[in-house]
Amino acid sequence: MASGQAARAPRNMAADPEFGPWLAQASILVIDDEPGMRNFLMRTLGPRCKRLDEAADTEEASRKLDTNHYDVVILDNIMPGKNGVDWLAEQRAIGFFSNAILMTAYADLETAIQALRAGAVDFILKPFRSNQLLNAVARCLDQMRLQRENYVLRYELKSTSDHVLLRDKLIGGSKAISDVRETIARVAPLPTSVLLTGQSGTGKEVAARSLHSLSDRADKPFVPVNCAAIPPDMIETELFGHLKGAFTGADTAREGLFMHAQGGTLFLDEIGELPPATQSKLLRVLEDRRIRPVGSEREIPVDLRFVFATNAELERLVEAGQFRADLFFRINVMQIHLPPLKDRGQDVQELADLFMTKLSQQLGTPKVSIGADARSALAAYSWPGNVRELRNLVERTLILGRFPDDFGGGVRTMQQSGTGGESLADIERRHILAVLDRLGGDREAAARQLGVSRKTIDRKCAAWNV
């Protein structure tokens, strides 16, 4: 095989159980000036991995890194012109995040220390057998997967205060939600970017996870990002990553969320909250499928499915100059609207029963019967916080052992006093103001309890001149 030629595995290639499932999906670059060693590496790895490239020297390797992404780079240390350790250190300094395995014929302590300082995660001694090489690659891939999974899980725990049950399923039999499920099933297998719209709490992240689980990327990462929860001065490094020394406090290089979602789905929630500078950078990523970490001289190719979500009207933000028109047209390829809970008929009853069963098990408390009065109240209320507010109500009910007075009891009192003919808007206003009154006017706390954003509470109060 000629130098630089990529070896691709057959389409029906199965994962090698001896070396783990991740090798079959890996992209690898081997760098060695000896044709015989390159040939051995290509024959050993070629049938087992997704993509395999080779380079005869560090210059050719640098060019390949500029155009392709590799999960693992395997390089010889002693080569003409520049040794592997020095080249690796240079690449780390300008933007190189792949795991590296160093091959060396000299097992001295100094070489090992230099390799680790340069950023090698493993090294193997020449001569070596094929299973030694494959085990080293499998360890690298497993370490990379665990690090990324750990980072994404910690990020989700840090950024998500409301762990919504059944986050992978859109529950309900109404026509409105059935239409959404049908649309998701049609678009999920396609690479098309999707924009999810709807009020806060309608299940946009649930829909995004459904898109991911029904796609051919289901076995790859799903990375949710709440753009509104990241400080504007930190969002670029969170998304794109950064190099060591890129800014004050950047003591180590770090991959961003784009890289952690490599091969999978990146879900950007509250996309309307992105700062203008980041909007411009995101537009370039969508057009070129390449990212540039903060402080990096190199762009890194990314393979992602993008799903966006917003509870704002992006068209109005575009008209107000707060959102780039070209970015809006770029992300608005396929739009799916999540209906508010008040437009989903009997779904509220089904969801209430489901939350009551699941949350009672989770909290270890007995279920509270949902009687006729409570069901009438569930049906009459307009649910400004949608499914999230319903879930929060059921949790409060389980903690109290009864439905809260400011919800079911308040509605029953209105019905008994002959004022049950009030409009849904009146009931919504009464409920929100009752919660605010009980919390001493604390709008932030009221928003958390109702499962809506602080902006929603502020907007409602402004409309009511409160």
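Residues numbered from 1 in each chain as written. Predicted model: local features only at pLDDT ≥ 70, side-chain atom pairs only at ≥ 80, totals over all residues. Heavy atoms only, no water.

(A) A look at the overall build of the protein chain. Of the regular secondary structure elements, the protein chain holds 19 helices and 15 strands. Split into buried and exposed, the 466 residues of the protein chain put 50% on the buried side. Accessible surface, the protein chain: about 21900 Å² in total, of which carbon and sulfur atoms supply 51%. (Helix = DSSP H or I, 4+ residues; strand = E, 2+ residues; numbered from the N terminus. Buried < 20%, exposed > 50% of the residue type's maximum accessible area, 1.4 Å probe, protein only. Areas by Shrake-Rupley, 256 points an atom, 1.4 Å probe, with all protein chains shown as cover.)

(B) Inspection of the sheet that holds strand S11 (residues 265-269) at higher detail. Pairing within the open sheet is parallel, and its five strands lie in the order S8-S11-S14-S7-S15. The open sheet is flanked by strand S8 (222-226) and strand S15 (334-337), the only strands paired with a single partner. Taken over all neighbouring pairs, the strand axes of this sheet differ in orientation by 20° on average, direction set aside. Taken together, the four bridges between strand S7 (residues 194-197) and strand S14 (residues 305-310) define a ladder with parallel strand orientation. In the strand pairing of S14, Thr197 is matched with Thr310. In this fold helix H6 (residues 175-187) packs onto S7, S14 and S15, with an angle of close to 155° to the strand it touches most, S15. Against the sheet, helix H7 (residues 204-213) makes contact with S7, S8, S11 and S14, and its axis sits at roughly 155° relative to S7, the strand it touches most. (Pairing = 2+ DSSP bridges. Axes fitted to C-alpha atoms, helices over the stretch in contact; angles between N-to-C directions. Contact = heavy atoms within 4.5 Å.)

(C) Broad picture of the packing of helix H15 (residues 386-400) against helix H18 (residues 443-450). Relative orientation of the contacting elements H15 and H18 amounts to 90°, with a least axis distance of 7 Å. With respect to each other, H15 and H18 are oriented roughly perpendicular. Facing Glu389, Asn392 and Arg396 of H15, the residues of H18 in contact are Arg448, Gln449 and Leu450. Taken together, the residues of the contact of H15 with H18 break down into one nonpolar, two polar and three charged. (Parallel < 35°, antiparallel > 145°, perpendicular 65-115°, else oblique. Nonpolar A, V, L, I, M, F, W, Y, C, P; charged D, E, K, R; others polar.)

(D) Representation of the environment of Leu268 within the structure. Structurally, the position occupied by Leu268 is in strand S11. Here Leu268 falls in the buried class, since its relative accessible area comes to 1%.

(E) Up close: the UniProt feature "modified residue: 4-aspartylphosphate" (unreviewed entry) in the protein chain. Here, UniProt's "modified residue: 4-aspartylphosphate" (unreviewed entry) annotation points to Asp76. Position of Asp76 among the secondary structure elements: in strand S4 (residues 72-76). The buried category is assigned to Asp76, whose relative accessible area is 4%. The contact partners of Asp76, leaving out residues within four places of it in the chain, are Ile31, Asp32, Asp33, Gly84, Leu102, Met103 and Lys126. (UniProt positions renumbered as here; feature names shortened; annotations may be inferred.)

(F) Molecular detail of the pattern of salt bridges. In total, this model carries 27 salt bridges according to the counting rule given. A salt bridge links Arg139 to Asp122; the shortest N-O distance between them is 2.7 Å. Taken together, the positions of Arg139 in helix H5 (residues 130-159) and Asp122 in strand S6 (residues 122-125) put the pair 17 residues apart, joining distant regions of the chain. By relative accessible area, which is 16% here, Asp122 ends up buried. Notably, a salt bridge pairs Glu273 with Lys455, separated by 2.7 Å at the nearest N-O pair. Remark: Lys455 occurs in helix H19 (residues 454-463) and Glu273 occurs in the loop between S11 and helix H10 (276-288); sequence separation between them is 182 residues. Lys455 gets classed as exposed once you look at its relative accessible area, which sits at 52%. Within this structure, Arg284, Asp288, Arg290, Arg292 and Glu299 form a network of salt bridges that share partners. (Salt bridge = Lys/Arg side-chain N within 4 Å of Asp/Glu carboxyl O.)

(G) Representation of the pairing of strand S2 (residues 27-31) within the structure. Burial within S2 is extensive, with five of its five residues counted as buried. Burial along S2 is two-sided: Ser27, Leu29 and Ile31 and Ile28 and Val30, pointing in opposite directions, are all buried. In this sheet, strand S3 (residues 51-55) lies alongside S2 in parallel orientation, the contact comprising five bridges. Following the sheet pairing, Ile28 is matched in S3 by Leu52. Once the chain exits S2 it traverses helix H1 (residues 35-45) before rejoining the sheet at S3, and the crossover so formed is right-handed. Of the pairings in the sheet, the one linking S2 to S4 comprises four bridges and is parallel in character. Pairing of Ile31 across the sheet is with Leu75, part of S4. (Right-handed = clockwise from strand over helix to strand, strands pointing away.)

(H) Geometry of the packing of aromatic side chains. Under the counting rule described, the total for this entry stands at eight aromatic pairs. The interplanar angle of 5° and the centroid separation of 5.9 Å between the aromatic rings of Phe306 and Phe308 together place this pair among those described as stacked. For Phe308, a relative accessible area of 0% puts it in the buried group. Where Tyr381 meets Trp383, the ring centres are 4.7 Å apart and the plane angle is 75°; that geometry is what we call edge-to-face. The two residues Tyr381 and Trp383 agree in class, both being buried. Site record: aromatic cluster; members linked through ring pairs are Phe240, Phe258, Phe306 and Phe308. (Phe/Tyr/Trp six-rings, centres within 6.5 Å; stacked < 30°, edge-to-face > 60°.)

(I) Geometry of the nonpolar core. Core analysis: the largest hydrophobic core is formed by 36 residues, its most contacted members being Phe258 and Leu282. Looking at which element gives the most residues to this core, the answer is H10, with four residues. (Core = buried A, V, L, I, M, F, W, Y, C linked by side-chain atoms within 4.5 Å.)

(J) Representation of the environment of Val307 in the model. Along the chain, Val307 turns up in strand S14. On the accessibility criterion, Val307 (0% relative accessible area) is buried. It is 8.3 Å that separates the C-alpha atoms of Val307 and Asp269, two residues lying 38 residues apart in sequence. With residues up to four places along the chain from it excluded, the contact list for Val307 reads Val194, Leu196, Ala208, Leu211, Thr265, Leu266, Phe267 and Leu268.

(K) Expanded view of the packing of helix H13 (residues 347-363) against H15. Packing of H13 against H15 leaves a shortest axis separation of 9 Å and a crossing angle of 45°. The angle between the axes of H13 and H15 places the two elements in the oblique class. The chirality of how H13 crosses H15 is right-handed. Facing Val348, Leu351, Ala352, Phe355, Met356, Leu359, Ser360, Gln362 and Leu363 of H13, the residues of H15 in contact are Val387, Leu390, Arg391, Val394, Glu395, Thr397 and Leu398. Classifying every residue of the contact of H13 with H15 gives 11 nonpolar, three polar and two charged. (Left-handed = near helix turned anticlockwise from the far one by under 90°.)

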